[in-house]
Amino acid sequence: MKVISKPALHVLTHPVDFAWQTLKGFGRNQGLLLAGAIAYYALLSVLPMLILSVIVLSHVVDQAELLNTLGRYVEWLVPSQSTAVLADVSSFLENRAAIGAVLLITMMFFSSIAFSVLEKAMFIIFAHHSAVKKRHFLVSAILPYCFAFFLCITLLGMTLASITLQAMSQESIHLLGHDWSLGGLSGALFYLLGLAVETLIVAGLYLAMPIRRIRLSHALIGGFTATALWEIIRHILIWYFTTLSTASVVYGSLTTAVVALFSMEIAATLLLLGAQVISEYERLDQE
């Protein structure tokens, strides 16, 4: 009975060689250039998407709880700038009736372009595999909106989980004559839940975006790789922007947009790098 596959054994015994081959393939496929294009169009669509999500979901859950949960995940996506982004979202919510249609059109337009660039990037990364049939244009057209709907449902689920864990943090357990607060446990559970959701979202992109079929196990490997690298880099960015950065002095009122674009380009780079990891792993599997 096979305990571990040959590709996995090769990665475990030659991690530096595998990492080098992945980086070489990423450079050969112009990964940084593609990531820049994805980040640009994603930035133009993310704020309208956030505003529309809050407008829709505020009919289901309390708006304050929704914004609180949204702030935590905006902080994950745009380190140190979540307060400024949420301030923009809150100001727009006061005029939701007047700007709803404009937001919807803006989100649909730019998100479709962002997904189109992402689809082409995935095609380039997996181009060395055997040829597959071209995807029907209607499937490519509805993918961005399916993903946006999925993110809204995820935000709703995370908000409900946040409410539950906040209630849990107020409780305590009486054990061995001491009262043990559950506040620390609920915070750790919320963080781990966020990591799991982030990994599944990225893995879902690896399953849906490439035209060829990707194994679920390989998509999870790529999702875990991209998430782990982003968590490391995110903490470095938080430390840098809160201690050393002079971006607010250089860019002034444009600081939030510049930092957001920079953060999203790094996130897009790691997203494509995770796809390159899957591609190199499948190449080992074929060999």
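Right above here is the structure, for reference.
What you see is a predicted model; the values in this text were computed from it and never measured.

## Structural notes on the overall build of the protein chain
Okay, step 1: Looking only at helices and strands, the protein chain has 11 helices and 2 strands in total.
Okay, step 2: Shown N-terminal to C-terminal, the secondary structure of the protein chain runs as helices and strands in the order α-α-α-α-α-α-α-β-β-α-α-α-α.
Okay, step 3: Among the 287 residues that make up the protein chain, the fraction classed as buried is 43%.
Okay, step 4: Considering only contacts in the protein chain between residues 6 or more positions apart, those separated by 24 or more positions represent 80%.
Okay, step 5: As displayed, the protein chain offers around 15,900 Å² of accessible surface, 71% of which is attributable to carbon and sulfur atoms.

## Some words on the nonpolar core
Okay, step 1: By size, the foremost hydrophobic cluster in this structure holds 59 residues, and its most contacted members are Leu70, Leu118, Tyr206 and Leu272.
Okay, step 2: Contributions of two or more residues to this core are made by α3 (31-57), α4 (63-77), α5 (82-93), α6 (96-125), α7 (137-169), α8 (183-208), α9 (216-243) and α11 (255-286).
Okay, step 3: Examining the composition of this core, we find that 11 residues originate from one element, α3, more than from any other.
Okay, step 4: What Leu118 contacts, discounting residues up to four positions off in sequence, is Ile38, Leu205, Met209, Leu271 and Leu272.
Okay, step 5: Formed by 5 residues, the second largest nonpolar core is a distinct cluster that contains Ala8, Val277, Tyr281 and Leu284.

## Section: the packing of aromatic side chains
Okay, step 1: For the structure shown, the criterion picks out 2 aromatic pairs.
Okay, step 2: Considering the side-chain rings of Tyr40 and Tyr41, the 5.0 Å spacing of their centres and the 75 degrees angle between planes classify their relative orientation as edge-to-face.

## Comments concerning the pattern of salt bridges
Okay, step 1: Within the structure shown, the criterion is met by 2 salt bridges.
Okay, step 2: As a salt-bridge pair, Glu231 and Arg234 come within 3.1 Å of each other at their nearest N and O atoms. Of this pair, Glu231 and Arg234 both sit in helix α9, 3 residues apart, which is roughly one turn of that helix.

## Things to note about the environment of Ser263
Okay, step 1: For Ser263, the location among the structural elements is in helix α11.
Okay, step 2: As a C-alpha pair, Ser263 and Pro79 span 184 residues in sequence and 7.4 Å in three-dimensional space.
Okay, step 3: Excluding anything up to four places from it in sequence, Ser263 contacts Leu77, Val78, Pro79, Trp230, Leu237 and Phe241.

## Describing a nonpolar patch on the surface
Okay, step 1: On the surface, a nonpolar cluster with roughly 500 Å² of combined accessible area is contributed by Leu229, Ile232, Ile236, Trp239 and Tyr240.
Okay, step 2: Looking at the secondary structure, you find Leu229 in helix α9.

## Observations concerning the packing of α9 against α11
Okay, step 1: Between α9 and α11, whose axes approach to 9 Å, the crossing angle comes to 150 degrees. It follows from the interaxial angle that α9 and α11 lie roughly antiparallel. Here α9 and α11 pass one another in a crossing that is right-handed.
Okay, step 2: Residue composition of the contact of α9 with α11, grouped by class: 17 nonpolar, 5 polar and 2 charged.

## What about the layout of surface pockets?
Okay, step 1: The volume enclosed by the largest pocket comes to roughly 1,400 Å³.
Okay, step 2: For the lining of the largest pocket, the elements supplying multiple residues, two or more each, are α3, α4, α5, α6, α7, α8, α9 and α11.
Okay, step 3: Grouping the constituent residues of the lining of the largest pocket by class yields 36 nonpolar, 8 polar and 2 charged.

## Focus: α4
Since one α-helical turn is 3.6 residues long, residues separated by three or four positions face the same way.
Okay, step 1: The end-to-end C-alpha separation of α4 is 21 Å, in line with the 21 Å expected for 15 residues at 1.5 Å each.
Okay, step 2: The set of residues buried in α4 consists of Leu66, Leu67, Thr69, Leu70, Gly71, Tyr73, Val74 and Trp76.

## Remarks on the packing of helix α2 (residues 15-28) against α11
Okay, step 1: Where α2 contacts α11, the two axes come as close as 9 Å, and the packing angle between them is 120 degrees. Both α2 and α11 take part in a crossing whose hand is right-handed. Residues Phe18, Gln21, Thr22, Leu23, Gly25, Phe26 and Arg28 of α2 lie in contact with α11, whose contacting residues are Thr269, Leu272, Leu273, Gln276, Val277, Glu280, Tyr281, Arg283 and Leu284.
Okay, step 2: In the contact of α2 with α11, the residues fall into 8 nonpolar, 5 polar and 3 charged.

## Some remarks on the environment of Gly223
Okay, step 1: Within the secondary structure layout, Gly223 lies in helix α9.
Okay, step 2: Owing to a relative accessible area of 0%, Gly223 belongs among the buried residues under this scheme.
Okay, step 3: Between the C-alpha atom of Gly223 and that of Leu200, which follows or precedes it by 23 residues, the distance is 6.8 Å.
Okay, step 4: If we ignore the near neighbours within four places in the chain, the residues touching Gly223 are Thr199, Val202, Ala203 and Tyr206.

About the criteria used
- Residues numbered from 1 in each chain as written.
- Predicted model: local features only at pLDDT ≥ 70, side-chain atom pairs only at ≥ 80, totals over all residues.
- Heavy atoms only, no water.
- Helix = DSSP H or I, 4+ residues; strand = E, 2+ residues; numbered from the N terminus.
- Buried < 20%, exposed > 50% of the residue type's maximum accessible area, 1.4 Å probe, protein only.
- Contact = heavy atoms within 4.5 Å.
- Areas by Shrake-Rupley, 256 points an atom, 1.4 Å probe, with all protein chains shown as cover.
- Core = buried A, V, L, I, M, F, W, Y, C linked by side-chain atoms within 4.5 Å.
- Phe/Tyr/Trp six-rings, centres within 6.5 Å; stacked < 30°, edge-to-face > 60°.
- Salt bridge = Lys/Arg side-chain N within 4 Å of Asp/Glu carboxyl O.
- Patch = residues over 30% accessible without salt bridge, like charges linked within 9 Å, V, L, I, M, F, W, Y side chains within 5 Å.
- Axes fitted to C-alpha atoms, helices over the stretch in contact; angles between N-to-C directions.
- Parallel < 35°, antiparallel > 145°, perpendicular 65-115°, else oblique.
- Left-handed = near helix turned anticlockwise from the far one by under 90°.
- Nonpolar A, V, L, I, M, F, W, Y, C, P; charged D, E, K, R; others polar.
- 1 Å grid on protein atoms, 1.4 Å probe; cavity = no way out; pocket = protein on both sides within 12 Å on 5 of 7 lines; lining within 4 Å.
- Points joined across faces, edges and corners; volume = space filled by probe spheres on them.
- Expected span 1.5 Å × (residues − 1).

All quantities given are derived from atomic positions and should not be read as evidence of function.
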